Amino acid sequence: MFNEDAKPYRGVALMFKQQEELRMDKTKCIPKNWGVVKLGEKCEITMGQSPPSESYNTEGKGMPFLQGKQEFGSNHPVNVKYTTKPLKIAFENSILISVRAPVGDVNIADKTYCIGRGLASLRAKKGIIALFLYYLMAFQKSDVEAIGEGSTFQAITKSQIFNFKVLLPPLPEQRKIAEILETIDNAIEKTDAIIEKYKRIKQGLMQDLLTKGVVCEGEGESERWRLRNENIDKFKDSPLGKIPEEWEVVDVYGHVNLINGGTPSTEGPSFGMEVYLGYL
């Protein structure tokens, strides 16, 4: 249950309170004060067009250039190329949508970009908040994908984007919904950064622990372990480099039993059964 007094969930709690005002619009049950509009009525749509190939560079000359979905990040794109002859522009805070296979993925422009034919730009007009539009289009990705499934080469046109129907709450509700989702995105980003930090720490520890090991100092309650140090502990040369004096280099085949996997005959009665093969 949501606490109505707890931020940032106040807006969500209010949405649940509106259940008695729900009405049926075609196949969707939406709040009474929401609308269903064509995307083109609320957005300026710009279809991408690739600039001349001789204008491309990776030295930062000209305008950042995006060719397609392959340059999308979790929320914002990461461009590699630039162009000195931009043709189609996606302005900052525009929604970038992939219009060629794969179709439907979205990012939000953190600056002005030149966009190639794999992308389109949705620039919010009056009555819709750009960040809300970003989350809305991410939520309706499967609906956008369905539009492109009818073509031989999966793609969507400007007309199809214009006529694509979306739900439109009032502006205050759009703002609150976007705020809640952005808060969650920020938490995910911070968590991912922490995970990457600990992955790097783990990698460094593995390098030290598996090549130098640890030694115990003290006993009982005063027991303490520390990483071996070449300045105070004894090491020796080995085929694998310097190792602690107490360690050995051995042939792995003399210390484990290995079982190689094999595919059974498709004609046998046990084909398809899961079999566990591991170390004995």
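Residues numbered from 1 in each chain as written. Predicted model: local features only at pLDDT ≥ 70, side-chain atom pairs only at ≥ 80, totals over all residues. Heavy atoms only, no water.

### Let's talk about the pattern of salt bridges
And then number 1: On inspection of all chains with the given rule, the structure shows eight salt bridges.
And then number 2: Put simply, Glu179 and Lys176 hold a salt bridge, and the shortest N to O gap is 3.3 Å. Remark: Lys176 and Glu179 occur in helix α6 (residues 171–209); sequence separation between them is three residues, near one turn of the helix.
And then number 3: Among the ionic pairs, Arg226 bridges to Glu217, the shortest N-O distance being 2.5 Å.
And then number 4: Residue classification places Glu217 among the partly exposed positions, given a relative accessible area of 27%.
And then number 5: Several salt bridges share partner residues, and in doing so they unite Glu217, Arg224, Arg226 and Asp233 into one network. (Salt bridge = Lys/Arg side-chain N within 4 Å of Asp/Glu carboxyl O. Helix = DSSP H or I, 4+ residues; strand = E, 2+ residues; numbered from the N terminus. Buried < 20%, exposed > 50% of the residue type's maximum accessible area, 1.4 Å probe, protein only.)

### A closer look at the packing of aromatic side chains
And then number 1: Counting across every chain of the model gives two aromatic pairs.
And then number 2: With a centroid separation of 5.0 Å and 35° between ring planes, the pair formed by Tyr56 and Phe65 is classed as tilted.
And then number 3: What makes Tyr56 partly exposed here is its relative accessible area of 23%.
And then number 4: Measuring from ring centre to ring centre gives 5.1 Å for Tyr134 and Tyr135, while their planes differ by 55°; the resulting arrangement is tilted. You'll find Tyr134 and Tyr135 in the same group, each marked buried.
And then number 5: Over the aromatic face of Phe91 sits the side chain of Arg123, whose NZ or CZ is 4.3 Å from the ring centroid. (Phe/Tyr/Trp six-rings, centres within 6.5 Å; stacked < 30°, edge-to-face > 60°. Lys NZ or Arg CZ within 6 Å of the ring centre and 35° of its normal.)

### Considering the sheet that holds strand β9 (residues 95–98)
What links the strands of a sheet is backbone hydrogen bonding, and the strands pair in either a parallel or an antiparallel sense.
And then number 1: Taken in spatial order, the four strands line up as β4-β12-β9-β10 in an open sheet, and their pairing is antiparallel. Each having just a single partner strand, β4 (43–47) and β10 (106–108) make up the two edges of the open sheet. Going across the sheet, the axis of each strand differs from the next one's by a mean of 25°, ignoring polarity.
And then number 2: Two strands pair when backbone bridges link them, and β9 and β10 are joined in this way by three bridges, in the antiparallel orientation. Across the sheet, Leu96 pairs through a bridge with Asn107, a residue of β10.
And then number 3: Each of β4, β9, β10 and β12 (119–124) touches helix α3 (residues 130–139); the most contacted strand, β10, lies at about 165° to it. (Pairing = 2+ DSSP bridges. Axes fitted to C-alpha atoms, helices over the stretch in contact; angles between N-to-C directions. Contact = heavy atoms within 4.5 Å.)

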